[in-house]
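Descriptive structure summary
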Amino acid sequence: QKEVEQDPGPLSVPEGAIVSLNCTYSNSAFQYFMWYRQYSRKGPELLMYTYSSGNKEDGRFTAQVDKSSKYISLFIRDSQPSDSATYLCAMSAGAGSYQLTFGKGTKLSVIP
Amino acid sequence: NAGVTQTPKFQVLKTGQSMTLQCAQDMNHNSMYWYRQDPGMGLRLIYYSASEGTTDKGEVPNGYNVSRLNKREFSLRLESAAPSQTSVYFCASSDDRHNYEQYFGPGTRLTVT
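Rules behind the numbers
Residues numbered from 1 in each chain as written. Chains lettered and ligands numbered in written order. Predicted model: local features only at pLDDT ≥ 70, side-chain atom pairs only at ≥ 80, totals over all residues. Heavy atoms only, no water. Helix = DSSP H or I, 4+ residues; strand = E, 2+ residues; numbered from the N terminus. Buried < 20%, exposed > 50% of the residue type's maximum accessible area, 1.4 Å probe, protein only. Polar contact = N/O pair within 3.5 Å; in protein donor to acceptor, adjacent residues only side chain to side chain. Contact = heavy atoms within 4.5 Å. Core = buried A, V, L, I, M, F, W, Y, C linked by side-chain atoms within 4.5 Å. Phe/Tyr/Trp six-rings, centres within 6.5 Å; stacked < 30°, edge-to-face > 60°. Lys NZ or Arg CZ within 6 Å of the ring centre and 35° of its normal. Disulfide = S-S within 2.5 Å. Pairing = 2+ DSSP bridges. Axes fitted to C-alpha atoms, helices over the stretch in contact; angles between N-to-C directions.

Here we take up the overall build of chain A. What chain A contains, in helices and strands, is zero helices and 11 strands. Helices and strands appear in chain A in the N-to-C order β-β-β-β-β-β-β-β-β-β-β. Based on the C-alpha atoms only, the size of chain A along its principal axes is roughly 40 × 25 × 25 Å. Across the 112 residues that make up chain A, the buried fraction comes to 41%.

Spelled out as structure tokens, the structure:
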């Protein structure tokens with residue numbers, strides 16, 4: 001079993017839809033949970049991070065972590081064509097941990 | 001403030017040739033990383049450097065060497081390129097108190113024929 005599983009998609013939604021992106025993991029030591037966004041032919045950029053369990057909201061984006069189920073989600077409300085990108089989940093055991101474990105990424109297209 | 005820069009952007013090598021990928025950051029970060037990204041495999045860590053003068057292996061170090069030249073620069077060398085090293089290579093850096101927040105460069109697309 002891979003440490004982090006992420007459905008690669010692709011996922012295609014109409015503009016304005018609510019998007020749900022998910023990852024599951026197996027390592028109980030993970031404490032930091034990140035979502036990176038990667039536009040085509042660009043490097044990834046950090047979108048949000050969450051420490052331990054709970055929710056975090058930033059504008060149209062909400063990150064959720066359920067450590068009991070080893071399941072994390074990213075919700076995008078009122079999706080826009082500019083949200084079209086690949087979304088990578090990533091996890092680490094601590095703030096100073098050098099090694100992040102990435103999911104394979106989900107490719108999202110938001111159709112105008 | 002350029003962030004993380006990488007050179008070259010594209011490179012084609014023949015099997016057995018060598019090359020060095022260059023990376024520099026201007027954010028005064030201690031931690032720097034080299035990743036490769038392949039379709040269906042995601043991002044995989046090749047090497048990382050916690051500080052100037054130190055380097056450590058990541059998940060896929062075979063066939064690569066690195067040098068942390070100073071605080072700003074971290075280079076990746078392929079001594080004898082193989083077709084399996086065809087990939088997109090990303091350099092990243094982070095503040096070592098927040099290594100979960102990594103800043104990535106634009107990438108180098110390498111093809112080995």
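Residues and elements named next belong to chain A. Its place among the elements puts serine 79 in the loop between strand 8 (71–76) and strand 9 (85–92). For serine 79, the side chain forms a polar contact with the main-chain oxygen of alanine 17, separated by 2.8 Å. Filtering out sequence-adjacent residues up to four positions away, serine 79 remains in contact with Val13, Pro14, Glu15, Gly16, Ala17, Val19, Arg60 and Val110.

By size, the foremost hydrophobic cluster in this structure holds 23 residues, and its most contacted members are Trp35, Ile72, Leu74, Tyr87 and Met91 of chain A. When contributions to this core are tallied by element, the ones reaching two or more residues are strand 3 (19–25), strand 4 (32–38), strand 5 (45–51), strand 7 (61–66), strand 8, strand 9 and strand 11 (106–111) of chain A. Setting aside its immediate chain neighbours within four residues, isoleucine 72 of chain A contacts Leu21, Asn22, Cys23, Tyr25, Phe33, Trp35, Gln64, Val65, Cys89 and Met91 of chain A. Counting residues in hydrophobic clusters, the runner-up holds 20 residues, among them Leu21, Trp34, Ala81 and Cys91 of chain B.

Under the defined criterion, the tally for this structure stands at 15 aromatic pairs over all chains. Plain terms: the ring middles of tyrosine 49 of chain A and tyrosine 100 of chain B are 4.4 Å apart, the flat faces sit at 35° to each other, and that makes the pair tilted. With tyrosine 49 of chain A in strand 5 and tyrosine 100 of chain B in the loop between strand 9 (87–94) and strand 10 (103–104), this pair bridges two chains. The exposure class of tyrosine 49 of chain A is partly exposed, given its relative accessible area of 27%. Exposure remark for tyrosine 100 of chain B: the relative accessible area of 5% places this residue in the buried category. Taken together, the ring pairs in this structure connect Tyr36 and Phe102 of chain A together with Tyr33, Tyr35, Phe90 and Phe104 of chain B into an aromatic cluster. Just above the ring of tyrosine 49 of chain A sits the side chain of lysine 56 of chain A; from NZ or CZ to the centre is 3.9 Å.

Another point: the state of the cysteines. Residues and elements named next belong to chain A. Considering all chains together, one arrives at two disulfides over all chains under this definition. One disulfide bridge connects cysteine 23 with cysteine 89, the sulfur atoms lying 2.0 Å from each other. With the S-S dihedral at roughly -100°, the linkage between cysteine 23 and cysteine 89 falls on the left-handed side. On the criterion of sequence distance, the pair formed by cysteine 23 in strand 3 and cysteine 89 in strand 9 is long-range, its members being 66 residues apart.

On to the sheet that holds strand 8 (residues 74–78) of chain B, then. Residue and element names in this part refer to chain B. On the basis of which strands lie adjacent, the open sheet formed by four strands has the order 1-3-8-7 and antiparallel pairing. Of all strands in the sheet, those with a lone pairing partner are strand 1 (4–7) and strand 7 (65–68), marking the two edges. Ignoring which end each strand starts from, the neighbouring axes of this sheet average 15° apart.

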